[in-house]
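Descriptive analysis of the structure
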Amino acid sequence: MKKNFSVFVDSVGNINYDDMTLSASLKNNGGLIASLFENDAMLRKRECKNIFNKKIHCLLFFMDGMAKSELVDESIAKPVIELPISNFEGDVIDFLAENVLYSGEIKKTADVKELAGALIYGDTLVFAEGSEKALIVNSKGWRTRSIEQPENEKTLRGPKEGFTESLLMNTGLLRRKLRTPDLKFETVTLGSRTNTCVCFCYLNSLVNRDVLRTLKNRINKISIDGILDTNYIDELIRDNQWTPFKTAGVTERPDVAAARLLEGRIAVIADGSPSVMTVPYLFVESLQSGDDYYINYYFSSVGRLLRFISLFITVITPAFYIALVAFHKEMIPTNLALSISEAREGVPFPITVECILMLLVFEILRESGVRMPSNVGAALSTVGAIVIGQAAVDAKFISAPMVIIVSVTGITGIMVSKLKGVVIVYRLALVLLASTLGMYGLIFGVMIMVAHAESLTSFGVRYTSFMSSGRLQEIKDIYIRFPWRFMKTRPFNIAKNIVRKG
Amino acid sequence: MKVYKTVLPLLLCCTLLCGCGNYLEIEDTFLVSGIAVDKGEKDNFSVTVEIAGTESGEDAPSRKQLILSAEGKSLYAALGNISAAASRKLFLSQTAVVIIGEEAAKDGLLQIIDLAMRDTELRITNSVVVAKDCKAKELLSAPSAGETIKAYEIKNVIKTSAKNFSVTPDVTVYELINAIGNRGIAATLPAFSIEKSEKMQSLAICGTAVFKDDKLKTFLSTSESKLMTMLMGKTEETTLAEKTGDDIINLKVYKCDTDVKPGFKGENPVINISLKLDAGIDELTGKDHVLSAGEHEKIRQRLEEKLKKDIENFVGKLAFETGEDILGFGSRIYKKYPDKWLKFKHKGYLKDITCRVNVKIKFRSTGFVNKA
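One structure accompanies this document, and this report is about it. (Residues numbered from 1 in each chain as written. Chains lettered and ligands numbered in written order. Predicted model: local features only at pLDDT ≥ 70, side-chain atom pairs only at ≥ 80, totals over all residues. Heavy atoms only, no water.)

Quick look at the overall build of chain B
A tally of helices and strands in chain B yields eleven helices and 13 strands. Taken along its principal axes, the extent of the C-alpha atoms in chain B is 85 × 60 × 60 Å. Sorting the 372 residues of chain B into buried and exposed places 46% on the buried side. Approximately 19,400 Å² of chain B is accessible, and the part contributed by carbon and sulfur atoms is 52%. Looking at chain B, you have 54 positive and 51 negative side-chain charges, and the mean spots of the two groups are 6 Å apart. (Helix = DSSP H or I, 4+ residues; strand = E, 2+ residues; numbered from the N terminus. Buried < 20%, exposed > 50% of the residue type's maximum accessible area, 1.4 Å probe, protein only. Areas by Shrake-Rupley, 256 points an atom, 1.4 Å probe, with all protein chains shown as cover. Lys, Arg positive; Asp, Glu negative; His and termini not counted. Charge placed at Lys NZ, Arg CZ, Asp CG, Glu CD.)

Considerations on the pairing of strand β5 (residues 97-101) of chain B
All names here are of chain B. Of all five residues making up β5, five are buried, and the element is well covered by its neighbours. One ladder, built from four bridges, connects strand β1 (residues 29-39) with β5; its direction is parallel. Bridged to Ile35 within β5 is Val98. Bridging between β5 and strand β6 (residues 127-131) involves five bridges; their strand directions are parallel. When the sheet's bridge partners are listed, Val97 is paired in β6 with Ser127. (Pairing = 2+ DSSP bridges.)

So, the sheet that holds strand β3 (residues 106-109) of chain A
Pairing between sheet strands relies on hydrogen bonds along the backbone, with the strands arranged either parallel or antiparallel. All names here are of chain A. Read from one edge of the open sheet, five strands run β1-β2-β4-β5-β3, paired in antiparallel fashion. Edge positions in the open sheet fall to β1 (43-49) and β3, since each of these has one partner strand only. If you compare each strand with its neighbour and ignore which way they point, the axes differ by 25° on average. Note that strand β2 (residues 57-63) and strand β4 (residues 124-128) share four bridges and pair antiparallel. Residue pairing across strands places Phe61 opposite Leu125, the latter belonging to β4. Against the sheet, helix α1 (residues 26-36) contacts β1, β2 and β4, and its axis sits at roughly 10° relative to β2. (Axes fitted to C-alpha atoms, helices over the stretch in contact; angles between N-to-C directions. Contact = heavy atoms within 4.5 Å.)

Some details on the interface of chain B and chain A
Frequently, the measure chosen for interface size is the accessible area that the parts lose on association. Counting residues at the interface gives 27 residues for chain B and 29 residues for chain A. At the boundary of chain B with chain A, total buried surface from both sides reaches about 2,400 Å², with 60% on carbon and sulfur atoms. By the criterion of area lost to chain A, the three top residues of chain B are Cys20, Tyr23 and Ile26 of chain B, representing 26% of everything that side buries. In this assembly, chain B and chain A are joined by three salt bridges. Between Glu345 of chain A and Arg88 of chain B there is a salt bridge; the shortest N-O distance is 2.4 Å. Joining chain B to chain A, the criterion identifies 15 residue pairs in polar contact (both at pLDDT 80 or more). (Buried area = accessible area lost by both parts, 1.4 Å probe. Salt bridge = Lys/Arg side-chain N within 4 Å of Asp/Glu carboxyl O. Polar contact = N/O pair within 3.5 Å; in protein donor to acceptor, adjacent residues only side chain to side chain.)

With respect to the side chain of Thr317 of chain A
All names here are of chain A. The residue Thr317 is located in helix α9 (residues 297-326) in this model. Residue class for Thr317 comes out buried when judged on its relative accessible area of 17%. When near neighbours in sequence (up to four residues on either side) are disregarded, Thr317 contacts Phe312, Ile405 and Thr409.

Quick notes on the pattern of salt bridges
All names here are of chain A. In total, this model carries 50 salt bridges over all chains according to the counting rule given. Note that Arg253 and Asp255 form a salt bridge whose closest N and O atoms lie 2.6 Å from each other. Both residues of the pair, Arg253 and Asp255, belong to the buried class. Residue Glu285 is joined to Arg265 by a salt bridge in which the shortest nitrogen-to-oxygen separation is 2.7 Å. One end of the pair, Glu285, is in the loop between β10 (276-279) and α9; the other, Arg265, is in the loop between α8 (254-262) and β9 (266-270), with 20 residues separating them in the sequence. Accessibility classification places Glu285 together with Arg265 in one group, the buried group. The network of salt bridges with common partners includes Glu363, Arg366, Glu367, Arg371 and Arg427.

Side note on the layout of surface pockets
Residue and element names in this part refer to chain A. The computed volume of the second largest pocket comes to approximately 1,200 Å³. Around the second largest pocket, the lining is made up of 33 residues, and of these Gly117, Ala118, Thr189, Thr194 and Asn195 lie nearest the centre. Counting residues per element, the ones that place at least two in the lining of the second largest pocket are α4 (112-120), β5 (134-137), β6 (183-190) and β7 (196-203). Of the residues that constitute the lining of the second largest pocket, the class distribution is twelve nonpolar, twelve polar and nine charged. (1 Å grid on protein atoms, 1.4 Å probe; cavity = no way out; pocket = protein on both sides within 12 Å on 5 of 7 lines; lining within 4 Å. Points joined across faces, edges and corners; volume = space filled by probe spheres on them. Nonpolar A, V, L, I, M, F, W, Y, C, P; charged D, E, K, R; others polar.)

Considerations on a nonpolar patch on the surface
There is a patch of nonpolar side chains on the surface, built from Val302, Leu305, Leu306, Ile309, Met415, Tyr479 and Ile480 of chain A and spanning about 560 Å² of accessible area. Ranked by residues supplied to the nonpolar patch, first place goes to α9 of chain A with four residues. (Patch = residues over 30% accessible without salt bridge, like charges linked within 9 Å, V, L, I, M, F, W, Y side chains within 5 Å.)

Thoughts on the environment of Pro401 of chain A
All names here are of chain A. Within the fold, Pro401 resides in helix α13 (residues 400-415). Judged by relative accessible area, Pro401 falls into the buried class, the value being 15%. Along the sequence, Pro401 and Phe466 sit 65 residues apart, while their C-alpha atoms lie 37 Å from each other.

Comments concerning the sheet that holds strand β12 (residues 268-284) of chain B
All names here are of chain B. One open sheet holds the four strands; their spatial order is β10-β11-β12-β13, and the pairing between them is mixed. With partners counted over all chains shown, the strands left at the sheet margins are β10 (238-244) and β13 (354-363), one partner each. Pairs of neighbouring strands in the sheet enclose a mean axial angle of 35°, with direction left out of account. Bridging between strand β11 (residues 247-265) and β12 involves 16 bridges; their strand directions are antiparallel. Each residue of the ladder has a partner; that of Lys265, found in β12, is Asn268.

Description of unusual backbone geometry
Residues and elements named next belong to chain A. Between Val279 and the following residue, Pro280, the backbone shows a cis peptide bond with an omega angle of -10°. Of note, Pro280 is situated in the loop between β10 and α9. The phi dihedral of Asn39 is positive, around 65°, even though this residue is not glycine. On the secondary structure map, Asn39 appears in the loop between α1 and β1. We note that Phe459 has phi near 50°; this positive angle belongs to a residue other than glycine.

Side note on the packing of helix α14 (residues 420-455) of chain A against helix α1 (residues 2-17) of chain B
With their axes 9 Å apart at the nearest point, α14 of chain A and α1 of chain B run at an angle of 145° to one another. Where α14 of chain A approaches α1 of chain B, its residues Leu433, Leu437, Tyr440, Phe444 and Ile448 of chain A are matched on the opposing element by Leu11, Cys14 and Thr15 of chain B. Per-class residue counts for the contact of α14 of chain A with α1 of chain B are seven nonpolar, one polar and no charged.

Thoughts on the nonpolar core
Here is a general trend for soluble globular proteins: nonpolar side chains tend to be buried in one another's company. Residues and elements named next belong to chain A. Grouped together as the largest cluster of nonpolar side chains are 81 residues, with contacts concentrated most on Leu215, Ile233, Phe245 and Ile266. At twelve residues, α14 tops the list of elements feeding residues into this core. Leaving out residues up to four positions away in the same chain, Ile266 has contacts with Phe200, Cys201, Tyr202, Val207, Val211, Leu212, Leu215, Leu261, Met277, Thr278 and Val279. (Core = buried A, V, L, I, M, F, W, Y, C linked by side-chain atoms within 4.5 Å.)

Topic: the packing of helix α4 (residues 110-118) of chain B against helix α7 (residues 173-181) of chain B
All names here are of chain B. Running from N to C, α4 and α7 point in directions that differ by 135°, and their axes come no closer than 10 Å. Looking at the two axes, α4 sits oblique to α7. The chirality of how α4 crosses α7 is left-handed. Residues Leu110, Ile113, Ala116 and Met117 of α4 pack against Val173, Tyr174, Leu176, Ile177 and Ile180 of α7. Here the residues of the contact of α4 with α7 are counted per class, giving nine nonpolar, no polar and no charged. (Parallel < 35°, antiparallel > 145°, perpendicular 65-115°, else oblique. Left-handed = near helix turned anticlockwise from the far one by under 90°.)

Here's the deal with the packing of aromatic side chains
Applying the stated criterion to the full structure yields 16 aromatic pairs over all chains. Ring centres of Tyr121 of chain A and Trp142 of chain A lie 5.2 Å apart, and the angle between their planes is 50°; this geometry places the pair in the tilted category. Placement of Tyr121 of chain A in the loop between α4 and β4 and of Trp142 of chain A in the loop between β5 and α5 (167-177) is noted, with a sequence separation of 21 residues between them. Geometrically, the ring pair formed by Phe466 of chain A and Phe492 of chain A is edge-to-face, given 5.9 Å between the ring centres and 65° between the ring planes. Taken as a pair, Phe466 of chain A in the segment after β12 (461-462) and Phe492 of chain A in the segment after β12 lie far apart in primary sequence, 26 residues in all. Residue classification places Phe466 of chain A among the buried positions, given a relative accessible area of 9%. In textbook terms, an aromatic cluster arises when at least three aromatic residues are bridged by ring pairs, as seen for Phe245, Phe283, Tyr426 and Tyr463 of chain A. Looking at Lys476 of chain A, its charged tip hangs above the ring of Phe482 of chain A, at a distance of 5.5 Å from the centre. Between Lys340 of chain B and the ring centre of Tyr337 of chain B, over which it is positioned, the NZ or CZ distance is 5.6 Å. (Phe/Tyr/Trp six-rings, centres within 6.5 Å; stacked < 30°, edge-to-face > 60°. Lys NZ or Arg CZ within 6 Å of the ring centre and 35° of its normal.)

See below:
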């Protein structure tokens, strides 16, 4: 009695599982599954009977490509067919689960929704003649990418492995770093169509309960049909919708995620994405790198200071240059003023237009560098460096100082790539302010930006925590990195238990 | 909503009512490097500005100067006349020096310096110099000995000479105003002239211009200027020479501590000047090349005597010939003994001040290499 699939579906496309019930008839149950997965060419159906006992008559369903066929063959089909079964008592399905199947993970259910979900996720469904329930037998075995070093977060020293698209592999990687029962994994399923498994991990004795409660509340309110990456979650649950600052961290490295858990943060892993979100997230984390802790602290402190300076340079330089050249010419040292004046002689555009054009060109080059196939990289750098730099200056399209300004801006911008969004928006805003209001506009803009950053929170924790703290213990990992010997506490407003070492 | 209602008007005030309003890109201006002020032929002033520009060369652009000139009733009017004729706006903030012609300086500095002090673009830290034996604008078009932009050359010459030779101290606009306004001290300015020799012409410091109030009175020679700088306590490094017959001693002074102590002897003020010099012998020609310990001491004493005599002569000349208190003896006494000074003060007071000079020279790094 095969029904048409459309019977199960309501007007908006949601599948109504309430009307579906299993019966004792193997034929009915098989028909139900077959009609639910109508037109799905990947569904595999296998009927098998025990050679010693004709009463044992089973129907197996599994998805090709999701289930591992060796497991279906060896630990499900083979014992059902070959084991010498004479007589048994009770329900046939219980007997199969307890005495026949070899698999380590078996679940009995009559819920069609659960059965369908498991079938899709690679498990094998076992129906038996005469039983109103079915078994979900673990046979997951799809192909995943192997563990590689993340392209975006390369380090010189330290662990090189990165998260993959498989949730189980990712939780495994984390667990290997933090081998304690204190490490907790909780899962929820999000997305009405993707049914993505989302897992929060935290260290029970360190996590800030308020943050955990807020996170859970917000995640439970999510209503969306698909979650393909943790960024979907971030955008749906962030504290301030419109700020360019990221208020949730992202990492592809298990060591970074583990270090954040050790500071009392919570990691959110979504199945299907190697990007792991960590909350709460502070501004200073954008300027920290996993590398900082794996190399000598003098060296990493210099690196971190450079990142702070770079942030400042990349946001301010173009606006500062415009303010100087257009408004405050007396502030330029005389020789430089002469050089700039000479270079700008005959350039057709006002300095603001010139600056915005060049910034645009740089962003285009950067973006095309990210998107292009790797084998045309050489062509791009030639176009970028020679055509746009040298030729444009020679042709008097733009002035040479502007090329220098934009290059400095670009290079320093790459150093603080985690703040890319913030930097682009603010840089442009400052350029516009500086070209209308001069140095006053620049200072005014910076003040507004700092005030905005200060007003942000990440899951209730102040976003710019510790940046202006007067307490020594709190700034030991902010502008420079102190040796581990001296970093005795965890961030006090994130972790519940702040003593890191005695 | 409440936040927007309060914050938004404030933001609008901050952006619409304030800000810098002088948008003018740098290439649309003439960067003025120096201003020369002379007495005009038809009008009160003849003002010449030197504009620093660049010229595209084969490889690197080179400097080029542009000189514009106009006359006017006042400095401001003359500058306005230049602007009216110029193709771009004159930008005065990069100016390095204000040069005042001898004739114009004799008529009075205040009417010239006033603009430099008041104008928002002109800096009060600009150096002021006087052109001696030539017009101020001639200095700007003098043949080059290095810099193309003459104003920067003048500024450099003042700085180098102030540091290495301490001929005459650099005087900025505000220092000049202070000196003119201050009773008990007379204003001085560096004097520049064009040195003409057979093969080259170049700018050089030729001494110091001495003012009575704001009017040019006389010039001091280079050697007198050196003594003046020393007595002002502004000497950093300098050279001293002494010549007797064939014997020439050149002394490099590394450090000069000047101590001027005013006092009173009865009704009359006394000035005690004590100089402590650290010096080394740079050159010693003549017959006695050997520097034994005794010889060493003899030379030192001779030099001390010589310097002491020079200073006494110089101070005497200031009192009896020049009559201007450029060393600020009056103001020093006034600061220490205001009541007595006010009682004593009279026209030509310098003549009645007794001056005692004490000079000590210490040789440094002389006689180190001695093959006994």
